[in-house]
Amino acid sequence: MAVDLQTGVPWVMCKQIDAPDPVINTCNGMQCGRTFGGPNSPNKPSMWTENWTSFYQVYGAEPYIRSAEDIAFHVALFIARMNGSYVNYYMYHGGTNFGRTSSAYVITGYYDQAPLDAYGLLRQPKWGHLKQLRAAMLDNFTAGNAN
């Protein structure tokens, strides 16, 4: 259906190994440098559409806390191993759902371990670590070391 629309814009399909050309198959998760099989065609970029910086929390369960080092390691691994060209952090900014409902047994705070909290405040060391990783990668790419 997407291809038949002929929009002239690339379509992205998360976790769709058999995405037809020109739809780009991508990875979602926490370890795409290890789990992603790569693009299903040599003319497609290697993209990570949802790098989960945390995970939603269920009432009564221990919060899942993903360290800044773990995120940075897997981003670097994805770029090095998969020739990754795009990484999107999901979620980069936490949020709340105060006064509204959420799904069953899920707290109304959303991604409170994101690099920016629900109020837009920096959550260190995660925010600073990812900023340094990005700067190092930009320095490397602008110096002509893209591979």
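What you are looking at is a predicted structure, and each value in this text was computed from that prediction instead of being measured.

**Brief notes about the pattern of salt bridges**
Here is step 1 of the chain: This structure, assessed with the given rule, holds two salt bridges.
Here is step 2 of the chain: Between Asp21 and Lys44 there is a salt bridge, and its shortest N-O distance comes to 3.2 Å. Of this pair, Asp21 sits in the loop between strand 1 (12-14) and strand 2 (24-29) while Lys44 sits in the loop between helix 1 (32-35) and strand 3 (46-52), and the two are 23 residues apart along the sequence.
Here is step 3 of the chain: Across the pair Arg66 and Asp70 runs a salt bridge, and its minimum N-O distance is 2.7 Å.
Here is step 4 of the chain: With a relative accessible area of 1%, Arg66 lands in the buried category.
Here is step 5 of the chain: Residue classification places Asp70 among the partly exposed residues on the basis of a relative accessible area of 25%.

**Remarks on the layout of surface pockets**
Here is step 1 of the chain: In this structure, the largest pocket occupies an estimated 340 Å³ of space.
Here is step 2 of the chain: For the largest pocket, the lining is made up of 15 residues, of which Val75, Val87, Tyr89, Arg134 and Met137 are closest to its centre.
Here is step 3 of the chain: Of all the elements in the fold, those that place two or more residues in the lining of the largest pocket are helix 2 (68-82), strand 4 (84-90) and helix 3 (126-142).
Here is step 4 of the chain: Among the elements that make up the lining of the largest pocket, the one with the highest residue count is helix 3 (seven residues).
Here is step 5 of the chain: A class-by-class count of the residues in the lining of the largest pocket yields 11 nonpolar, two polar and two charged.

**Examining the packing of aromatic side chains**
Here is step 1 of the chain: According to the stated counting rule, one finds three aromatic pairs in the structure shown.
Here is step 2 of the chain: With 6.3 Å between their ring centres and 40 degrees between their planes, Phe36 and Phe78 make a pair best called tilted. Note that Phe36 is positioned in the loop between helix 1 and strand 3 and Phe78 in helix 2, a separation of 42 residues in sequence.
Here is step 3 of the chain: With a relative accessible area of 10%, Phe36 lands in the buried category.
Here is step 4 of the chain: Here Tyr89 and Tyr92 contribute two aromatic rings whose centre-to-centre distance is 5.7 Å and whose plane-to-plane angle is 50 degrees, an arrangement assigned as tilted.
Here is step 5 of the chain: One aromatic cluster is present, built from ring pairs that chain together Phe36, Trp48 and Phe78.

**Brief notes about the sheet that holds strand 3**
Here is step 1 of the chain: Strand order across the open sheet formed by four strands is 1-2-3-4, with parallel pairing between neighbours. On the outer flanks of this sheet lie strand 1 and strand 4, each paired with one strand and no other. Between one strand axis and the next, the sheet turns by 25 degrees as a mean value, whatever way the strands run.
Here is step 2 of the chain: Note that strand 3 and strand 4 share five bridges and pair parallel. Looking at the pairing, Trp48 lines up with Val87 of strand 4.

Scoring rules and cut-offs
- Residues numbered from 1 in each chain as written.
- Predicted model: local features only at pLDDT ≥ 70, side-chain atom pairs only at ≥ 80, totals over all residues.
- Heavy atoms only, no water.
- Salt bridge = Lys/Arg side-chain N within 4 Å of Asp/Glu carboxyl O.
- Helix = DSSP H or I, 4+ residues; strand = E, 2+ residues; numbered from the N terminus.
- Buried < 20%, exposed > 50% of the residue type's maximum accessible area, 1.4 Å probe, protein only.
- 1 Å grid on protein atoms, 1.4 Å probe; cavity = no way out; pocket = protein on both sides within 12 Å on 5 of 7 lines; lining within 4 Å.
- Points joined across faces, edges and corners; volume = space filled by probe spheres on them.
- Nonpolar A, V, L, I, M, F, W, Y, C, P; charged D, E, K, R; others polar.
- Phe/Tyr/Trp six-rings, centres within 6.5 Å; stacked < 30°, edge-to-face > 60°.
- Pairing = 2+ DSSP bridges.
- Axes fitted to C-alpha atoms, helices over the stretch in contact; angles between N-to-C directions.

Everything listed here is a matter of coordinates, which is why it stays silent on function.
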